[in-house]
Amino acid sequence: MLLGIETLLLILVLILAVVSLWIRDLMSSVVVFGAYSFLMCLIWTGMGAVDVAFTEAAVGAGVSTVFFVAVLFNTTRRIQFNPLDLSAKIFSAILCIGTGYLLMLGLSDLPSWGDPQALVNTNVSKYYIESAYKQTKVPNLVTAVLADYRAFDTMFETCVVFIAVLGIFMLLKKDGREPLKETSAKANDNLIIRVASRFMVPFIQLFGLYVVAHGHYSPGGGFQGGVILGASLILVAMAFNIEFVKQLLSIKRMLLLAVIGVIIFAGWGLVPVFLGQSFLDYSAWAALLPGTGEIMARSHSMLAVEIGVAITVMCGMYGIYMSLVSDGRFDKGL
Amino acid sequence: MAINVLAVILFAIISQTIHHPTVQLILNILIMASLGLGLFFFFATSVGVLRFPDFFTRLHAAGKGDTLSTILILLACSLFSLKSAKTLDQTTILAAIKILLIINFIFIGSPTATHALIEAGYNSEIDPWENNATRN
């Protein structure tokens, strides 16, 4: 039965992928792409990967759709297509078909789904499943693997988010000396939207904090919670105006906080080096945190690291949105 | 919000304490009716979005029908999770209340989003549909 639903969802995903490429209107294409992400999220939920599904729902279906809309707001929603010049299309078609062929070649080497005899399920997974709770006292295995065993990967993922926001910010930023074409920084005077968002934003932020702090016990963690917190700021920027949200979190402070998030993660991992352990070995924190053994030190360290991730991701999402929507001027938005 | 939390707790107490078959039947019918109504309104919403003539009437169908049907289906889910629990423990009630919080969120968010869309359409001067067939 479950397999039936998943087959249906996969067929829908394929249809949506083709449709989103086929539509000429880029705005509709973005909406279809959001639906595609949401269906992928449902598929991952069906496979039991709830953490991944959560990330996909928050990032893929939620915030990235907003980013695409913000880009379309400053560019055009029509594809510029010259029917005489097909060289770019032919080149990308060859590239796509070649990549797809290579991926299909590799498909036969993948283990079948849920195969207990597969190589990855016999060595590493078994070790994590058997010893993660004993060594860290964290019931959510995904968080334990993500923030403790594979902390190196997560640290550089946080750096990737930071570098992404820095790149977009620096590429789009205008220095402010050039005159503005039109000054339409008018406040959104719609009372209903303002009141509703004023009511919803505290609950969204509370939920974001819950997702960050409760990532040990339930699906969630720094990335998802950070995206939710960033989305609440984006909602404020949309419902009010961009000046109002800049008073809450200015662009300078946004960059500073994004740096601080990375520093929290890396610094928390660097401290064990001075205590005679290796980098990111949280068990050394037992000497500094009062009343904790090596096991609980690892558990608490994961929370600290997740907070760093959440701060960086929140400021990253906020900064990317602000850069894209105002074309680097930070004066007016959607 | 406090009202529907109280209503769910009342429902939970009734479904767990009174095991008389008539009461259980009524509770089952309540769940099935709200689920069925939700599905009906969802179907009506999709028909409305496809069949109505212009932007405003389509959003009229989408905004109202979508909100009501989502609320009804989620309410049925929440009641069903309470009804099917063998013992009434903290986890079940918390799950039901979480679903109710989602209902509150949709109840505020979905009509506001529809309102924003309608206003955006109004400001960009989309011509509303007029029934020319009866006028001529």
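Look up: the structure comes first, before these words.
Below is a short write-up of the structure. In this text, all values refer to a predicted model and were calculated from it rather than measured experimentally.

## Description of the nonpolar core
No. 1: Of all hydrophobic cores here, the largest spans 51 residues; its most connected members are Phe67, Val245, Met254, Tyr321 and Met322 of chain A.
No. 2: If you list the elements that add at least two residues to this core, you get helix H3 (50–74), helix H8 (151–172), helix H9 (191–213), helix H10 (222–239), helix H11 (242–248), helix H12 (251–274) and helix H13 (294–325) of chain A.
No. 3: With 14 residues, the single largest contributor to this core is H13 of chain A.
No. 4: Setting aside residues no more than four positions away along its own chain, Met322 of chain A makes contact with Ile242, Val245, Lys246, Ile251 and Phe330 of chain A.
No. 5: Residues Phe11, Ala12, Leu27 and Ile31 of chain B belong to the second largest nonpolar core, which totals 14 residues.

## Examining the interface of chain B and chain A
No. 1: Taken residue by residue, the interface counts eight residues in chain B and eight residues in chain A.
No. 2: Summed over both sides, the interface between chain B and chain A buries roughly 730 Å², with carbon and sulfur atoms accounting for 80% of that surface.
No. 3: Per-residue buried area on chain B facing chain A is highest for Phe105, Ile108 and His115 of chain B; these three make up 56% of the total on that side.
No. 4: The tally of links from chain B across to chain A stands at zero residue pairs in polar contact (both at pLDDT 80 or more).

## Considerations on H8 of chain A
Residues and elements named next belong to chain A.
No. 1: Here H8 is 22 residues long and its end C-alpha atoms lie 32 Å apart, about the 32 Å a rise of 1.5 Å per residue gives.
No. 2: The complete set of buried residues in H8 reads Ala151, Thr154, Met155, Thr158, Cys159, Val161, Phe162, Val165 and Phe169. One face of H8 carries all of its buried residues, which in axial projection span an arc of 150 degrees. Every exposed residue of H8 that faces more than 90 degrees away from the buried side is listed here: Val160, Ile163, Met170 and Leu171.
No. 3: Residues of H8 that are buried in the fold lie against helix H7 (141–149), H10, H12 and H13.

## Considerations on the packing of helix H2 (residues 26–46) of chain A against H3 of chain A
Residues and elements named next belong to chain A.
No. 1: Closest axis-to-axis distance for the H2/H3 pair is 8 Å, and the angle between their directions is 175 degrees. Judged by the inter-axis angle, H2 sits roughly antiparallel to H3. Residue-level inspection shows Leu26, Met27, Val30, Phe33, Gly34, Ser37, Phe38, Met40, Cys41, Trp44 and Thr45 of H2 in contact with H3, the latter providing Val52, Ala53, Glu56, Ala57, Gly60, Ala61, Thr65, Phe68, Val69 and Leu72.
No. 2: When its residues are assigned to classes, the contact of H2 with H3 shows 15 nonpolar, five polar and one charged.

Calculation criteria
Residue indices follow the written sequence of each chain, beginning from 1 at its first position. The order in which chains are written sets their letters, starting at A; the order in which ligands are written sets their numbers, starting at 1. With the structure being a predicted model, the display of local features is reserved for residues of pLDDT at least 70 and the display and counting of side-chain atom pairs for 80 or more, all residues being used for whole-chain, interface and lining totals. Each side-chain value is worked out from all heavy atoms of the structure, with water and hydrogens disregarded. By convention a nonpolar core is built from buried Ala, Val, Leu, Ile, Met, Phe, Trp, Tyr and Cys residues, the set being connected through side-chain atoms within 4.5 Å. Note on classification: 1.4 Å probe, protein chains only; a residue is buried when its accessible area is under 20% of the maximum for its type, exposed when over 50%, partly exposed between these limits. Working definition: helices are DSSP H or I runs of at least four residues, strands are E runs of at least two. Numbering for both runs from the N terminus. Pairs of residues are marked as contacts when any of their non-hydrogen atoms sit within 4.5 Å. Buried area: the accessible surface (1.4 Å probe) lost by two parts on joining, summed over both. Counting of polar contacts relies on pairs of N or O atoms within 3.5 Å, with two restrictions inside protein: one atom must be capable of donating a hydrogen and the other of accepting it, and residues adjacent in sequence are counted only when both atoms are side-chain atoms. To estimate how far a helix should extend, the number of its residues minus one is multiplied by 1.5 Å. The directions from the helix axis to the C-beta atoms form the arc being described. Lines fitted to the C-alpha atoms define the axes, with helices restricted to the stretch that makes contact. Angles between their N-to-C directions range from 0 to 180 degrees. Each angle gets one of four labels, with under 35 degrees taken as roughly parallel, over 145 as roughly antiparallel, 65 to 115 as roughly perpendicular, and the rest as oblique. Nonpolar residues are Ala, Val, Leu, Ile, Met, Phe, Trp, Tyr, Cys and Pro. Charged residues are Asp, Glu, Lys and Arg, and all others, Gly as well, are polar.

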